[in-house]
Number of protein chains: 2
Amino acid sequence: MKNYFIAKSRRVRSTPYTERIENQGVTAYTIYNHMLLPTAFGSLEDSYHHLKEHVQVWDVAGERQVEISGKDSAKLVQLMTCRDLSKSKVGRCYYCPIIDDNAGLINDPVILKLNDQRWWISIADSDVILFAKGLAIGQKFNVKIVEPNVDILAVQGPKSFKLMEKIFGKKILEMKFFGFDYFEFAGAKHLIARSGWSKQGGFEIYVENTKSGLALYDKLFEVGKEFNVKPGCPNLIERIESALLSYGNDIDNGDNPLECGLDKYVNLDTDAEFIGKEKLIEVKKKGILRKLMGVKIEAKEINITKSIDLINEQNSKIGELRSGIYSPNFRKVIGIAMLDKPYWEADQTFKISINDSIFKGKVCDLPFI
Amino acid sequence: MKNYFIAKSRRVRSTPYTERIENQGVTAYTIYNHMLLPTAFGSLEDSYHHLKEHVQVWDVAGERQVEISGKDSAKLVQLMTCRDLSKSKVGRCYYCPIIDDNAGLINDPVILKLNDQRWWISIADSDVILFAKGLAIGQKFNVKIVEPNVDILAVQGPKSFKLMEKIFGKKILEMKFFGFDYFEFAGAKHLIARSGWSKQGGFEIYVENTKSGLALYDKLFEVGKEFNVKPGCPNLIERIESALLSYGNDIDNGDNPLECGLDKYVNLDTDAEFIGKEKLIEVKKKGILRKLMGVKIEAKEINITKSIDLINEQNSKIGELRSGIYSPNFRKVIGIAMLDKPYWEADQTFKISINDSIFKGKVCDLPFI
């Protein structure tokens, strides 16, 4: 596959860390929420092995926040997600599908409850702020909606705990998964969550004070030497092996959350008022006709730039592969696919054409591991 | 400046023409409305000269459409823009700032009135569809909102008229600027507008039928040989010289349309009901405090990846440069800048630091030519 350059401009925003990661050897970017998001520092596979063994610092400033505050903020946030947030607690993160009135996914953010009248929606790649503004204006809600100056640094990998402890003390190890708290560094308070877009463990630092954030960035590399710290980024191999869904890749506005296996984040039996509830009740009653599943393919290589059809023995389309990569762990290509009923059962076989060759594959449950 | 690769995936969608432009030598992309948008076929300057003399075919499928149809469609479309559309006509394109309740720009699309109950909003790079959906849900409007399968091909340059005439006949030359009509090719009807993101003249073909669109793409190159047709894309030099504003680069949600010189698209004295009207009336009454202007800088080179401060003799910031490029026409760097009052007057001088060297510059009116 030929490589192409990325054209930079003010529109595809740099992050406070861009200069640093470019000095540290970033080689490729994508654009995420109108911002540069690193996707490679040389070999994906080297980075994958390193992430699973050591610790990495990631510039994930592209995970922007939509801050919703004010008297009606809880009402607006609830309206936007099919997950019942009535019992949500301050200091906790909530993975929440956001859907439209047709139950189509708009985003799948993590929502942080900062206090009863202030929320951060930590978004995947779509302008949730415009949906929130449209709703708030239409409903005449008393809210303030902004994109605050927050640039997340993720610290990921098994040694992230030791590294973070060295900088922030033992207290940071007390946080539970998807909890967050405030920690001081260089005179500034930082919101830190035990979260991140890998399954190797770690933290996300919501940097509001750019100056202390940059000092913290450097400190992580200084203190991290003994843990073999390296710069990194969400790793395509690791995230697929871990079945962390990517909005726009694995799931999109054409899908509803029940098709995507997000059933446990869909609360239809409570009083929560949200957009698309009626439609979802209807979908649930009728039953879904497609389902997101894992697949394993007897191939050594794949480059996905768009969906690839999955075909049965009769050469009929039975689904589409949406993301995939060679997995060093399974020694074959693994991926995430949307499969039509009734072909979504585990062990169902299929054929797929990759670079003009036909390969055999098999459906499996998610996550792979 | 070092170059970085773009990471492709399903999320940053390919267009129907991607394979063709890659065979034709595209070298760089940006991402626009979650889609690949070519930004260079080798030298920008060669492409600039070619565009001003001959004809180019552009893959601008990234200019996505938000289709709004139904009983309340006119009401919703009007609500979204500060331009009065009450006298708008079917078959015409309208450049329309879209603003939020704080009068901050959300997008600056061209709106096509397809019929009284069907509109296409041909958007710059932000998810206007989410704003429209939020508003429609909040206001309980009877509308249908979709992103239709439309992938625009632009034919730009002085010889575009002869090329298009050869394919579609004399009738295509009768269209006025910003008019649109339907033309048949390969058995399919194509909406074609006399428009495009250059000032060199030309057309935009709103391809709905991908198959005939691809046949048309090839036909344009076949017939275009005698006009020295080449593949191209919006050209940074030409678009700055022509002062075609780029949302996200020159203007953004922090700006209101009066600051951006868009006064003629702001109708405050009519009955049109739109979001942000009160705020704009207030802004107009108080007078703006910043203004978008052209600048000329005594430098030979610039690469803009974020705003660069403009400084006065006392080393105080008086504005910021948002886009800029070396202009072969003016033999210096020209750009688009937001300047503070009272420093926005033409001929005001300033200093700017580019790659650690200080250069002198001068404010000027837009457009440059």
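This one's a predicted model, so the numbers in the text were calculated from it and none came from an experiment.

Caption draft 1: Spotlight on the overall build of chain A. A count of helical and extended segments in chain A gives 8 helices and 22 strands. Relative to a compact globule of 369 residues, whose C-alpha radius of gyration would be 21 Å, chain A shows 21 Å and is just as compact. Along the first, second and third principal axes, the C-alpha atoms of chain A reach 65 × 50 × 40 Å. Looking at the 369 residues of chain A, the share that counts as buried comes to 52%. Taking as baseline every contact in chain A between residues at least 6 positions apart, the subset at least 24 positions apart corresponds to 66%.

Caption draft 2: Just the interface of chain A and chain B, in detail. Tallying the contact residues gives 47 residues for chain A and 47 residues for chain B. Of all the secondary structure elements, the ones that give two or more residues to the side of chain A that touches chain B are strand 1 (5-6), strand 2 (28-32), strand 3 (35-40), helix 4 (128-139) and strand 19 (317-327) of chain A. Relative to strand 1 (residues 5-6) of chain B, strand 2 of chain A runs parallel, the two sharing 2 bridges. Counted as the bridge partner of Ala 28 of chain A is Phe 5 of chain B from strand 1 of chain B.

Caption draft 3: Quick look at the environment of Tyr 206 of chain A. Residue and element names in this part refer to chain A. As for its placement among the helices and strands, Tyr 206 is situated in strand 15 (residues 202-207). Since 22 C-beta atoms lie within 10 Å of it, Tyr 206 is described here as buried. Each C-alpha atom of the pair Tyr 206 and Val 150 lies 5.9 Å from the other, and the pair is 56 residues apart in sequence. For Tyr 206, the contacting residues outside a window of four places in its chain are Val 150, Ile 152, His 190 and Leu 191.

Caption draft 4: Region of interest: the relation of the copies chain A and chain B. Once turned by 180° and shifted 0.0 Å along the axis, chain A lies on chain B with an RMSD of 0.0 Å. Given the turn and translation reported, the copies of this chain are related as if by a two-fold rotation axis. Looking at chain A, 100% of its interface residues are interface residues in chain B too, so the copies touch through the same face.

Caption draft 5: Expanded view of the sheet that holds strand 11 (residues 144-146) of chain B. All names here are of chain B. Taking strand neighbours across the sheet as the criterion, the 5 strands line up as 6-9-10-5-11 in an open arrangement whose pairing is antiparallel. The open sheet has two free edges, formed respectively by strand 6 (93-95) and strand 11, since each of these has just one partner strand. Shown here is a sheet whose adjacent strand axes are inclined to one another by a mean of 20°, direction ignored. One ladder, built from 3 bridges, connects strand 6 with strand 9 (residues 110-115); its direction is antiparallel. Bridging from a neighbouring strand, Cys 93 pairs with Leu 112 of strand 9. Contacts from helix 3 (residues 73-80) reach strand 5 (65-69), strand 9 and strand 10 (118-122) within the one sheet, and its direction differs from that of strand 5 by about 135°.

Caption draft 6: The packing of helix 5 (residues 160-168) of chain A against helix 6 (residues 210-224) of chain A, seen in detail. Residue and element names in this part refer to chain A. Interaxial distance between helix 5 and helix 6 falls to 10 Å at its minimum, and their mutual angle equals 115°. Accordingly, the angle class assigned to the pair helix 5 and helix 6 is roughly perpendicular. Seen along the crossing, helix 5 lies across helix 6 with a hand that is right-handed. Along the contact surface, helix 5 presents Leu 163, Lys 166 and Ile 167, while helix 6 presents Lys 219, Leu 220, Val 223 and Gly 224.

Caption draft 7: A look at the domain arrangement of chain A. Residue and element names in this part refer to chain A. Along its sequence, chain A is carved into domain 1 (18-61 + 150-240), domain 2 (65-145 + 256-283) and domain 3 (289-369). If you average the C-alpha positions of domain 1 and of domain 3, the two centres end up 31 Å apart. Between domain 1 and domain 3, the residue contacts involve 5 residues of the former and 7 residues of the latter. Among the elements of the structure, helix 2 (44-53) and helix 7 (236-241) are those that each provide at least two residues to the side of domain 1 that touches domain 3. With 3 residues, helix 7 is the single largest residue contributor to the side of domain 1 that touches domain 3.

Caption draft 8: Geometry of unusual backbone geometry. In this structure, Pro 342 of chain A follows Lys 341 of chain A across a cis peptide bond, with omega equal to 0°. Along the polypeptide, Pro 342 of chain A turns up in the loop between strand 20 (332-340) and strand 21 (349-354).

Caption draft 9: Spotlight on the environment of Ala 40 of chain B. Here Ala 40 of chain B shows up in strand 3 (residues 35-40). Look at Ala 40 of chain B and you get buried, because 20 C-beta atoms sit within 10 Å. Residues Ala 40 of chain B and Asn 142 of chain B lie 102 residues apart in sequence; the distance between their C-alpha atoms is 42 Å. Ignoring sequence-local partners within four residues, the contact set of Ala 40 of chain B consists of Ala 7 of chain A together with Thr 27 and Ala 28 of chain B.

Caption draft 10: Looking closely at the sheet that holds strand 16 (residues 230-232) of chain B. Residues and elements named next belong to chain B. Reading across the sheet, the 6 strands line up as 13-14-15-12-4-16 and stay open at both edges, with mixed pairing between neighbours. Edge positions in the sheet fall to strand 13 (180-185) and strand 16, since each of these pairs with one other strand and no more. On average, each strand axis in the sheet is tilted by 30° relative to the strand beside it, whichever way the strands run. Across the face of the sheet, helix 2 (residues 44-53) comes into contact with strand 4 (56-59), strand 12 (151-156) and strand 16 while running at roughly 115° to strand 16. Along the sheet, helix 6 (residues 210-224) contacts strand 4, strand 12, strand 13, strand 14 (188-193) and strand 15 (202-207); its crossing angle with strand 12, the most-contacted strand, is approximately 15°.

Caption draft 11: Structural view of the confidence of the model for chain A. With 100% of its residues at a pLDDT of 70 or more, chain A shows a mean pLDDT of 97. Both confidence scores are given for the complex: pTM 0.97, ipTM 0.97.

Caption draft 12: Region of interest: the pairing of strand 2 (residues 28-32) of chain B. Residues and elements named next belong to chain B. Of all 5 residues that make up strand 2, 5 are buried, and the element is covered over most of its length. Burial along strand 2 is two-sided: Ala 28, Thr 30 and Tyr 32 and Tyr 29 and Ile 31, pointing in opposite directions, are all buried. Taking the residues between adjacent antiparallel strands as the criterion, strand 2 and strand 3 are bridged by 2 residues, where Asn 33 takes a positive phi near 50°.

Caption draft 13: View of the pairing of strand 13 of chain B. Residues and elements named next belong to chain B. In this sheet, strand 14 lies alongside strand 13 in antiparallel orientation, the contact comprising 6 bridges. Bridge pairing in strand 14 links Asp 181 to Ile 192. The hairpin formed by strand 13 and strand 14 contains 2 residues between the paired strands, and Ala 186 there has a positive phi angle of roughly 50°.

Caption draft 14: Summary view of the environment of Met 338 of chain A. Residue and element names in this part refer to chain A. Residue placement: Met 338 occurs in strand 20. Between the C-alpha atoms of Met 338 and Asp 250, which are 88 residues apart in sequence, the distance is 8.0 Å. Filtering out sequence-adjacent residues up to four positions away, Met 338 remains in contact with Arg 290, Leu 292, Gly 319, Glu 320 and Arg 322.

The rules behind each value
Residues numbered from 1 in each chain as written. Chains lettered and ligands numbered in written order. Predicted model: local features only at pLDDT ≥ 70, side-chain atom pairs only at ≥ 80, totals over all residues. Helix = DSSP H or I, 4+ residues; strand = E, 2+ residues; numbered from the N terminus. Rg over C-alpha atoms; globule rule 2.2 N^0.38 Å. Buried ≥ 20, exposed ≤ 12 C-beta atoms within 10 Å, placed from the backbone. Contact = placed C-beta atoms within 7 Å. Pairing = 2+ DSSP bridges. Least-squares fit on C-alpha atoms with pLDDT ≥ 70 in both. Axes fitted to C-alpha atoms, helices over the stretch in contact; angles between N-to-C directions. Parallel < 35°, antiparallel > 145°, perpendicular 65-115°, else oblique. Left-handed = near helix turned anticlockwise from the far one by under 90°. Domains from an automatic or database assignment. pLDDT = per-residue confidence, 0-100.

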